[in-house]
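The primary structure of each chain is shown beneath.
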Amino acid sequence: YKAKSTKSGHHVYRSDDDSHGDLRLRTLQELRSAIGDDELELHYQPKVDLATGNVQGVEALVRWNHPTRGLLLPEHFLDLVEEAGLMPGLTRIVLNKALDQAVLWRAQGEQLTVAVNLSASSLVDRDLPDRVGAMIASRGLPASVLTLEVTEEFLLNDRERARDILTRLRALGVRIAVDDFGTGYSSLAYLRDLPIDELKLDQSFVFPMIDDERAATLVSSAIALAHSLGLQMVAEGVENSVAYNELVRFGCDSAQGYLVSRPVSAGELDVWLADRKVTAIVRGAS
Ligand code: C2E
Ligand code: MG
Ligand code: MG
Ligand code: MG
């Protein structure tokens, strides 16, 4: 069989591997048990308010803690999850873990919101809004604790279905974000008539803005477009302070990226949040 090597030398399945290979089959069997055996875990990446520097919330990003291959990133297993029809199970696990964590944060006095990614295939799941509502209510959480991130593909595959699902989710009080905004080769018409709260400008627009004036103009225009439609704009992939400061100047609402923090475990996030408070106190005192 063909297998790709990651930087760490681990062989992992990719969708462009020989689809009849042993590795694919083995990975598939392992995935089925992983979804039962609690090998999936969430890392959390903070999102900060660019006007105040405050942490607004976090995005939950799934990892597969494989017993022999180590911690695998989504790019190494999500395609297979999708092909194997295991995405509804993964989504349920991620939602439960993210909402459990939100309960823990509240108990610690952190009012963090949490964002969960929905794949385009979730569109077929008509019961999703009811299930999400029950998951939130059973934990005594306000629905505003949850943001669901969908792609343009989700929005456009079946526009009426998307409208129905998003309208019901939003009626609960869940926020809806369009992830990877600008990469979907789509018309912008959906912005006019689909129920959306937030756009997440894809990192491929943010990376070049620091040394390309046209790229920066595109970013500032996208921010203006979002605001003129009453939508919040989040910039993804903010890796350096030049980009961060430009986004502040453009009036972008929030930012996520390695400059602020990489996605980290819940334990590491606690430490990061505590460090940030100390830094704020020291800054305030000086
Ligand atoms: P996404 O939702 O657009 O998440 C952002 C990705 O960019 C994350 O990769 C994150 O680690 C990475 N990133 C964040 N800041 C920076 C930065 O400053 N520079 C660079 N170069 N990268 C940055 P990750 O965690 O590997 O996730 C990749 C994709 O996998 C996600 O893209 C999302 O589409 C998907 N995904 C992750 N978790 C889930 C999940 O629970 N369910 C579903 N359906 N998809 C998920
Ligand atoms: Mg996302
Ligand atoms: Mg994204
Ligand atoms: Mg992405």
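Throughout this document, residue positions are counted from 1 along each chain, in the order its sequence is written. A letter from A marks each chain and a number from 1 marks each ligand, given out in the order of writing. For a predicted model such as this one, the threshold for reporting local features is a pLDDT of at least 70, and the threshold for listing and counting side-chain atom pairs is 80 or more; totals across whole chains, interfaces and linings nevertheless cover every residue. With hydrogens and water set aside, each side-chain value is computed from the structure's full complement of heavy atoms.

Looking up the protein chain in an unreviewed UniProt entry gives the name EAL domain-containing protein, with the organism given as Cryobacterium mannosilyticum.

Comments concerning the packing of helix 4 (residues 128-138) against helix 6 (residues 159-172)
All axes are obtained by fitting lines to C-alpha atoms, using only the stretch in contact for helices, and the reported angles, taken between N-to-C directions, cover 0 to 180 degrees. Strands are runs of DSSP state E lasting at least two residues, helices are runs of H or I lasting at least four, and both sets are numbered from the N terminus onward. One can describe the packing of helix 4 onto helix 6 by two numbers: an axis separation of 9 Å at closest approach and a directional angle of 20°. Taken together, the axes of helix 4 and helix 6 are roughly parallel relative to one another. Helix-helix and strand crossings are classified by hand; for helix 4 and helix 6 the assignment is right-handed. In this structure, helix 4 contributes Pro-129, Asp-130, Val-132 and Gly-133 to the contact, and helix 6 contributes Ile-165, Arg-168, Leu-169 and Leu-172. Charged residues are taken to be Asp, Glu, Lys and Arg, nonpolar residues to be Ala, Val, Leu, Ile, Met, Phe, Trp, Tyr, Cys and Pro, and polar residues to be all remaining types, Gly included. Its residues assigned to classes, the contact of helix 4 with helix 6 shows five nonpolar, one polar and two charged. Note on terminology: angles under 35 degrees are roughly parallel, angles over 145 are roughly antiparallel, angles of 65 to 115 are roughly perpendicular, and the others are oblique. Whether a crossing is left-handed or right-handed is set by the direction in which the near helix is turned from the far one by less than a right angle, anticlockwise for left-handed and clockwise for right-handed. Any two residues whose heavy atoms approach within 4.5 Å are treated as being in contact.

Here's the deal with the packing of aromatic side chains
Any pair of Phe, Tyr and Trp rings, taking the six-membered ring for Trp, is counted once the centres come within 6.5 Å. Such a pair is stacked with planes under 30 degrees apart, edge-to-face with planes over 60 apart, and tilted for the rest. A full pass over the atoms with the stated rule returns two aromatic pairs. Between Tyr-44 and Trp-105, the aromatic rings sit 5.0 Å apart at their centres with planes inclined by 80°, giving edge-to-face as the arrangement. Taken together, the positions of Tyr-44 in strand 3 (residues 40-49) and Trp-105 in helix 3 (residues 87-107) put the pair 61 residues apart, joining distant regions of the chain. In this structure Trp-105 comes out as buried when scored by relative accessible area, which is 0%. On the numbers, 5.8 Å between centres and 75° between planes, the contact of Trp-64 with Phe-77 is edge-to-face. Exposure is judged per residue with a 1.4 Å probe applied to protein chains only, and the accessible area is read against the type maximum: over 50% gives exposed, under 20% gives buried, and values in between give partly exposed.

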